[in-house]
Amino acid sequence: MDGRSMRKSISIGRSFYRKRLNGIYKRLLSNAGVKLFEGKGKIVGPNEVEVTQLDGTKMSYSSEHILIATGSRAHRLSIPGQELGITSDEALSLEDLPKCAVVLGGGYIAVEFASIWRGMGVTVDLFYRKELPLSLIVTIIALDVFS
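For clarity, every value in this text was computed on a predicted model and none was experimentally measured. (Residues numbered from 1 in each chain as written. Predicted model: local features only at pLDDT ≥ 70, side-chain atom pairs only at ≥ 80, totals over all residues. Heavy atoms only, no water.)

On to the overall build of the protein chain. What the protein chain contains, in helices and strands, is four helices and five strands. In sequence order, the protein chain lays out its α and β elements as α-β-β-β-α-β-α-β-α. Considering only contacts in the protein chain between residues 6 or more positions apart, those separated by 24 or more positions represent 37%. Total accessible area on the protein chain stands at roughly 11,200 Å², and carbon and sulfur atoms take up 56% of it. (Helix = DSSP H or I, 4+ residues; strand = E, 2+ residues; numbered from the N terminus. Contact = heavy atoms within 4.5 Å. Areas by Shrake-Rupley, 256 points an atom, 1.4 Å probe, with all protein chains shown as cover.)

Here's what the structure looks like:
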């Protein structure tokens, strides 16, 4: 498989898992009675938030308790040698496969990269801090499947 095909495969898989997990999270929140407002949030008062929705319209909401979930982006750890590493976003732009790789993290993106690269002949070591990789995701999927 050439680099372009590899990037396309990883991108498709990553998109699939992200959509599936987002769907699971939304169902869990909905089943718990949580109102979900998607968009960009801005706190405008002690108990008020303004949300610019995905279509550009702005709505204001007030509540005793407000939670803004910011999502996440790949980032480099502040550790010695971090300049030698790449993020998952940068890994999608690689022209050639590495001969060996260390993957830091036990989430689905880390495990996905480790699995795909290993399947393509790369020597991969996966480092994670929990007892097992995918521990949070397995719990979320189990709750979705068995609820």
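In this section: the side chain of Thr87. Inspection of the secondary structure assignment puts Thr87 in the loop between β3 (58-62) and α2 (88-91). Those residues within four positions of Thr87 in sequence are excluded, and the remaining contacts are Ala74, His75 and Arg76.

A few words now on a nonpolar patch on the surface. On the surface, a cluster of nonpolar side chains totalling about 480 Å² of accessible area is made up of Leu77, Ile79, Val102, Leu104 and Phe127. Relative to the helices and strands, Phe127 is located in strand β5 (residues 123-127). (Patch = residues over 30% accessible without salt bridge, like charges linked within 9 Å, V, L, I, M, F, W, Y side chains within 5 Å. Salt bridge = Lys/Arg side-chain N within 4 Å of Asp/Glu carboxyl O.)

The sheet built from three strands is open, its strands ordered β1-β2-β3 with antiparallel pairing. Each end of this open sheet is capped by a strand with a single partner; those strands are β1 (39-45) and β3. This sheet shows a mean twist of 25° between the axes of neighbouring strands, independent of strand direction. Relative to β3, strand β2 (residues 48-53) runs antiparallel, the two sharing five bridges. Considered in β3, the bridge of Thr52 is made with Lys58. (Pairing = 2+ DSSP bridges. Axes fitted to C-alpha atoms, helices over the stretch in contact; angles between N-to-C directions.)

Moving on to the pairing of β1. The sheet contact formed by β1 and β2 spans six bridges and is antiparallel. Bridge pairing in β2 links Gly39 to Gln53. With antiparallel pairing between neighbouring strands as the criterion, β1 and β2 make up a hairpin whose turn holds two residues.

What follows concerns the confidence of the model for the protein chain. Mean pLDDT over the protein chain works out to 80, with 84% of the residues at or above the 70 mark. Within the protein chain, no element has a lower average pLDDT than helix α1 (residues 3-31), which sits at 68, and none a higher one than β5, at 94. (pLDDT = per-residue confidence, 0-100.)

Under the 1.5 Å per step criterion, the end-to-end length of helix α3 (residues 108-119) is 16 Å for 12 residues, consistent within 8% with the ideal 16 Å. Taken together, the buried positions of α3 are occupied by Ala110, Val111, Glu112, Phe113, Ala114 and Trp117. Following α3 by one or two positions, Gly121 has its phi on the positive side, about 95°. (Expected span 1.5 Å × (residues − 1). Buried < 20%, exposed > 50% of the residue type's maximum accessible area, 1.4 Å probe, protein only.)

To continue, consider the packing of aromatic side chains. Evaluation of the coordinates by the stated rule reveals two aromatic pairs. Look at Phe37 and Tyr61: their rings are 4.0 Å apart centre to centre, the planes differ by 35°, and that puts the pair in the tilted class. Within this pair, whereas Phe37 is found in the loop between α1 and β1, its partner Tyr61 is found in strand β3, the two being separated by 24 residues in sequence. Plain terms: the ring middles of Phe113 and Trp117 are 5.5 Å apart, the flat faces sit at 65° to each other, and that makes the pair edge-to-face. (Phe/Tyr/Trp six-rings, centres within 6.5 Å; stacked < 30°, edge-to-face > 60°.)

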